[in-house]
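# Observations on the three-dimensional arrangement
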Amino acid sequence: MIGPVLKVTDLRKAYGAIQAVGGVSFEVMPGEIFGVIGPNGSGKTTMFNSVLGQITPDAGKIELNGHDITHKSPQQLNQLGVGRTFQTLQVFGKMTVRDNLLVAAQEHQGSMWSRLFAPGDSGLGDRADALIDQFRIRHVAHKKAGELSYGQQKLVDIAMAFMSEPDLVLLDEPCAGVNPSLVGGISSLLKQLNQTRASGKKASSFVVIEHNMDFVMDLCHRILVMVEGQVLAVGTPDEIRGNKAVLDAYLGN
Amino acid sequence: MTDFLQLVFSGFATGSIYALAALGFTLLWQASGTINFAQGEFVMLPAFVMLAFGAAGLPLPLAFIASCGVAVLVLGWAFKRGIADPLLKHGLMPIVVATIGLAIAARNGIRAGYSAEAHPFPGLFADQLFNVFGVTVTLADVGTLVLALLLVLGTQAFLNKTVTGRAMQAVAQNTESATVLGINVPRMIFYTFAINALLACAAALLVTPTYLAKFDMGEGLGNKAFFAAIIGGFNNSRGALLGGIIVGVCENLAAAYISPAYKDAVALVIFMAVILFKPQGLLGKKVERKV
Amino acid sequence: MKRLPLISGLAIAAILLAAPPFLKNYGIYLFSYWMVFVIATMGLNLTVGYAGQKSLGHAAFFGIGAYSVAILMQAGHSFWLGLALAVIACFVIGLALGFPALRVQTIYLAFATLGFNTAIWLVMRNEEWLTGGTFGINNIGRPSLFGLSLDGNLAYYYFVLGMTVVMGLLQWKLLSSPWGKAFTALRDNPIRAESLGIHIQGYTLLSFAIGAAYAGVAGALFASLVQFIEPAPFAVHASIMMYLMVVVGGPGYFFGPLLGSAVGVLLPEWLRFAQAWYLFVFGAAVILLMLWLPDGLLSIPARLAAKRQAREASAARAAAAAKLGN
């Protein structure tokens with residue numbers, strides 16, 4: 001019996017009088033690409049940041065592979081196998097693209113002390129190069145990340161989340177501000193990354209917040225719809241597309 | 001007991017002067033993110049300017065007004081346009097180092113160009129003593145305290161009650177929104193620099209009679225202003241007054257009851273305690289880190 | 001153009017190695033003083049330039065290092081024991097100073113380190129039984145290395161130069177290791193760094209501790225250089241000067257401390273022709289330097305490259321526009 005990778009139970013977070021997240025529960029199974037959609041202000045990002053340890057929830061439980069991670073810090077979560085991208089670009093502008101990728105996973109190699117004596121790339125050079133090729137940013141790999149175009153930086157941002165080969169990756173609006181021609185590329189990259197894993201490791205799961213409906217419907221196995229801090233519906237893309245309540249609240253008539 | 005009260009009272013007076021320097025310092029930080037390591041020199045320079053005007057024949061009140069004008073022009077406008085504006089977009093480090101350079105230049109410019117000695121400065125108040133509830137206080141202490149308080153409270157009233165003042169506060173809290181609201185942000189920031197210059201000029205008028213005008217009078221004063229601003233609360237202008245008074249009073253008490261050598265240590269200890277336990281200051285608001 | 005760094009590097013190395021025997025005592029002393037500050041600012045560059053922290057209390061560690069050597073040598077122990085104590089004491093105290101850094105941000109941290117410096121300086125000034133108070137400690141001897149006496153000014157200079165090279169190599173090694181990238185990540189984007197598993201708190205503390213240890217080494221060498229220690233050189237104004245040296249040289253550039261210390265130590269000497277005005281000129285020079293090069297002297301190549309790129313892009317646009325016009 002394989003349990004869920006991520007289990008969120010009755011998550012709550014209020015900001016003053018505003019209940020940003022008012023009792024959200026869901027499960028993400030191993031290997032699943034799980035979409036989260038909803039109008040602005042529906043609490044998606046607050047829910048995300050609570051799962052990722054950036055915000056402390058008022059109530060509720062978050063479990064990763066059965067372990068309680070409700071109050072863990074972002075750094076601890078990463079060590080436990082959770083990766084994330086940010087809504088606003090967060091690359092290390094002054095480092096080269098390749099260094100960005102190396103630093104994204106180096107803390108998983110050995111201990112603090114052993115890293116002092118490790119080679120500069122911590123043995124991750126091959127993995128970084130493989131991701132660079134997969135994301136097709138070989139031609140800019142030696143440049144400082146801050147000098148790239150927005151779309152290229154977005155790709156670096158996403159690649160960084162995958163360097164440490166996490167079991168669970170949370171992507172916060174990976175298509176935001178990206179040229180429509182690149183959206184398809186990101187979608188196929190994510191599908192590739194979802195399916196290919198080093199042998200012996202179980203499949204990785206993604207949770208994706210996005211506003212781009214075509215992207216979400218095409219990519220995700222299941223979708224959660226949030227409205228005003230609550231779960232409105234959970235289901236496959238077809239089920240969501242046909243759900244009357246969702247259509248009324250969000251997708252428009 | 002009367003000694004104690006005397007020390008406290010004169011501490012209030014000195015502290016209110018620190019509050020003037022601390023207030024300007026805090027306002028500069030809030031409105032523009034400028035850390036002015038030359039704040040002490042901003043008090044020292046008007047002192048010498050007033051002396052120069054005095055030597056040219058102007059009576060003290062006129063010399064003060066003339067110095068205020070010079071201060072607003074040089075320490076307000078020129079400082080903003082010449083140093084703050086170009087450097088602020090590069091982060092905190094360049095402006096810190098530039099104001100350090102400014103402090104060195106100001107100190108040594110006066111030393112080389114005017115004099116390395118301490119000069120007497122005309123006092124505002126006559127040498128009179130009062131006896132209040134058995135405590136002896138000087139007219140100077142009372143006058144200083146009253147004037148400084150008037151200035152600090154007046155500045156706060158200006159910030160809170162006038163349209164311009166509220167616009168300045170808006171700029172301090174959220175520059176982008178202020179622009180969108182149609183507020184002339186650069187001008188509001190200039191007003192902040194101008195107010196800082198004026199407060200420093202006033203501080204010079206009040207403190208120099210006691211400390212004497214010397215090229216290095218700004219060093220200690222600058223330090224006290226920093227401590228006062230932080231202790232009171234760096235993101236709250238009322239904090240400057242509280243911080244200044246605390247520093248002034250504690251200094252006096254420490255010098256008398258502990259030892260003159262550790263006089264500076266008391267303000268320091270309070271400062272360290274505040275930094276560790278309530279870094280936003282006694283009256284400051286907690287600053288959240290945004291993702 | 002690409003060979004300029006190599007040529008200037010060789011020129012500086014040549015000056016450092018070959019010039020001192022031709023200098024008078026004061027010149028040799030100045031070079032030694034310069035090297036001591038290079039080591040101290042290398043440490044500060046790590047904390048401030050590479051790890052992005054704020055530290056305006058570095059001179060306190062400089063002083064702790066100096067007094068460690070002075071006190072131990074006065075008690076009859078060897079310089080080397082003093083040096084060891086300097087490094088360990090500064091590392092441990094530096095770790096302790098890092099703790100406020102975990103709780104307070106930027107500008108408050110700067111003030112906390114200022115306060116720390118003042119506190120240490122007050123102890124140095126007032127605890128006569130330990131430090132000699134304002135009278136200080138004098139007659140500090142110089143070490144001997146493998147039986148070779150380093151008493152002579154020239155010999156001691158080469159020793160200090162050697163130590164500078166050693167400390168530089170150690171820092172190079174540190175920065176090339178994964179720790180180097182972790183520090184830079186901490187500086188450029190601590191939130192992202194945290195989400196990548198980088199232990200923000202640990203690296204913050206380490207950046208303070210290692211930086212402090214470097215200042216401790218510098219202080220130890222300083223003690224035997226000037227052979228008389230008193231609290232004045234370790235007060236806040238010295239910390240501010242060191243900070244100035246790091247920023248002027250270029251924070252986060254490996255050779256920033258070399259240039260920055262030259263500006264801080266040697267420039268005032270060259271300005272002596274201005275006599276009474278030399279410090280005024282120095283202060284003004286610092287302001288102008290910051291206005292022209294806010295990222296420090298070593299940002300010149302990057303700025304020139306950016307200007308060249310902008311020119312080339314303009315030219316390309318003009319050429320493309322001309323083609324369209326036809």
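Residues numbered from 1 in each chain as written. Chains lettered and ligands numbered in written order. Predicted model: local features only at pLDDT ≥ 70, side-chain atom pairs only at ≥ 80, totals over all residues.

Across its full length, chain C holds 14 helices and four strands. The C-alpha atoms of chain C give a radius of gyration of 22 Å, which matches the 20 Å a tight globule of 326 residues would have. Its C-alpha atoms put chain C at 85 × 50 × 40 Å along the principal axes. A burial count over chain C gives 51% of its 326 residues as buried. (Helix = DSSP H or I, 4+ residues; strand = E, 2+ residues; numbered from the N terminus. Rg over C-alpha atoms; globule rule 2.2 N^0.38 Å. Buried ≥ 20, exposed ≤ 12 C-beta atoms within 10 Å, placed from the backbone.)

Further remarks concern the overall build of chain A. The number of helices and strands found in chain A is ten helices and ten strands. Compactness check: chain A gives a C-alpha radius of gyration of 18 Å against a globular reference of 18 Å for 253 residues, within 12% of the reference. Its C-alpha atoms give chain A principal-axis dimensions of roughly 55 × 40 × 40 Å. Within chain A, buried positions represent 44% of all 253 residues. Across chain A, contacts joining residues at least 24 apart in sequence account for 67% of those joining residues at least 6 apart. (Contact = placed C-beta atoms within 7 Å.)

Turning next to the pairing of strand S7 (residues 168–172) of chain A. A regular strand places its side chains so that they alternate between the two faces of the sheet. Residues and elements named next belong to chain A. Where burial is concerned, most of S7 is hidden: five out of the five residues are buried. Pairing between strand S6 (residues 82–84) and S7: three bridges, direction parallel. Counterpart to Arg-84 in the pairing with S7 is Leu-170. As paired elements, S7 and strand S8 (residues 205–209) share five bridges and run parallel to each other. Bridging across to S8, Val-169 finds its partner in Phe-206. (Pairing = 2+ DSSP bridges.)

Right, let's talk about the packing of helix H2 (residues 25–50) of chain C against helix H7 (residues 153–176) of chain C for a bit. Residue and element names in this part refer to chain C. Remark: H2 packs on H7, axes separated minimally by 9 Å, with the N-to-C direction vectors making an angle of 15 degrees. One element, H2, and the other, H7, form an angle in the roughly parallel class. The crossing of H2 and H7 is left-handed. Where H2 approaches H7, its residues Asn-25, Ile-28, Tyr-29, Phe-31, Ser-32, Met-35, Val-36, Val-38, Ile-39, Met-42, Leu-46 and Tyr-50 are matched on the opposing element by Asn-153, Leu-154, Tyr-156, Tyr-157, Val-160, Leu-161, Met-163, Thr-164, Met-167, Gly-168, Gln-171 and Leu-175. Split into classes, the residues belonging to the contact of H2 with H7 amount to 18 nonpolar, six polar and no charged. (Axes fitted to C-alpha atoms, helices over the stretch in contact; angles between N-to-C directions. Parallel < 35°, antiparallel > 145°, perpendicular 65-115°, else oblique. Left-handed = near helix turned anticlockwise from the far one by under 90°. Nonpolar A, V, L, I, M, F, W, Y, C, P; charged D, E, K, R; others polar.)

Taken residue by residue, the interface counts 32 residues in chain C and 30 residues in chain B. Here the residues of the side of chain C that touches chain B are counted per class, giving 26 nonpolar, five polar and one charged.

All names here are of chain A. Note that strand S1 (residues 6–15) and strand S4 (residues 59–64) share five bridges and pair antiparallel. When the sheet's bridge partners are listed, Lys-7 is paired in S4 with Glu-63. Relative to strand S5 (residues 67–68), S4 is paired through two bridges, and the arrangement is antiparallel. Counterpart to Leu-64 in the pairing with S5 is His-67. In sequence, S4 turns back onto S5 through a hairpin of two residues, with Asn-65 there showing a positive phi of about 50 degrees.

As a further point, take the domain arrangement of chain A. Residues and elements named next belong to chain A. On domain assignment, one finds that chain A holds domain 1 (1–81 + 167–253) and domain 2 (92–165). When each unit is reduced to the centre of its C-alpha atoms, the spacing between domain 1 and domain 2 is 25 Å. Every contact between the two is made by twelve residues of domain 1 and, on the other side, ten residues of domain 2. The biggest single contributor to the side of domain 1 that touches domain 2 is helix H7 (residues 180–195), with five residues. Considered class by class, the residues forming the side of domain 1 that touches domain 2 number eight nonpolar, four polar and no charged. (Domains from an automatic or database assignment.)

What follows concerns the sheet that holds S4 of chain A. If you trace the four strands from one edge of the open sheet to the other, you get S2-S1-S4-S5 (chain A), paired in antiparallel fashion. At either margin of the open sheet sits one strand with a lone partner, and together these are strand S2 (18–28) and S5 of chain A.

In a regular helix each residue adds 1.5 Å, so 31 residues correspond to 45 Å; helix H1 (residues 2–32) of chain B covers 44 Å between its end C-alpha atoms and thus fits that length. One or two residues past the end of H1 of chain B sits Gly-33 of chain B, with phi positive at roughly 70 degrees. (Expected span 1.5 Å × (residues − 1).)

Further remarks concern the packing of helix H3 (residues 97–105) of chain A against helix H8 (residues 178–188) of chain C. Running from N to C, H3 of chain A and H8 of chain C cross one another at 100 degrees; their axes reach a closest spacing of 10 Å. Here H3 of chain A lies roughly perpendicular to H8 of chain C, going by the angle between them. For the pair formed by H3 of chain A and H8 of chain C, the contact residues are Asp-99, Leu-102 and Val-103 of chain A on the first element and Lys-181, Ala-182 and Ala-185 of chain C on the second. A class-by-class count of the residues in the contact of H3 of chain A with H8 of chain C yields four nonpolar, no polar and two charged.

Quick look at helix H11 (residues 236–249) of chain C now. Residue and element names in this part refer to chain C. The end-to-end C-alpha distance of H11 is 20 Å, a good match for the 20 Å that 14 residues give at a rise of 1.5 Å each. H11 sits mainly inside the fold: 13 of its 14 residues count as buried. One or two residues past the end of H11 sits Gly-250, with phi positive at roughly 125 degrees.

Below, the discussion takes up the environment of Ala-228 of chain B. All names here are of chain B. Relative to the helices and strands, Ala-228 is located in helix H9 (residues 217–232). For the pair Ala-228 and Leu-241, spaced 13 residues apart in sequence, the C-alpha to C-alpha distance is 7.9 Å. If we skip the residues at most four places from it in the chain, Ala-228 touches Tyr-18, Ala-19, Ala-22, Ala-240, Gly-243, Gly-244 and Val-247.

All names here are of chain A. Taken in spatial order, the six strands of this open sheet run S6-S7-S8-S3-S9-S10, and their pairing is mixed. Here the strands that pair on one side only, and so sit at the sheet edges, are S6 and strand S10 (230–235). Taken pair by pair, the neighbouring strands of this sheet meet at an average axis angle of 20 degrees, ignoring direction.

Further remarks concern the confidence of the model for chain C. Should the pLDDT be low somewhere, the predicted coordinates at that spot are not to be read in detail. Overall, the predicted model of chain C reaches an average pLDDT of 89, with 99% of residues at or above 70. At the level of individual helices and strands, chain C shows its lowest average pLDDT in strand S3 (residues 148–149) of chain C, which scores 80, and its highest in helix H3 (residues 58–74) of chain C, which scores 95. (pLDDT = per-residue confidence, 0-100.)

All names here are of chain A. With respect to the secondary-structure elements, Phe-26 resides in strand S2. Look at Phe-26 and you get partly exposed, because 19 C-beta atoms sit within 10 Å. Sequence separation of Phe-26 and Ile-240 is 214 residues, and the distance between their C-alpha atoms is 15 Å. Excluding anything up to four places from it in sequence, Phe-26 contacts Val-8, Leu-224, Val-231 and Val-234.

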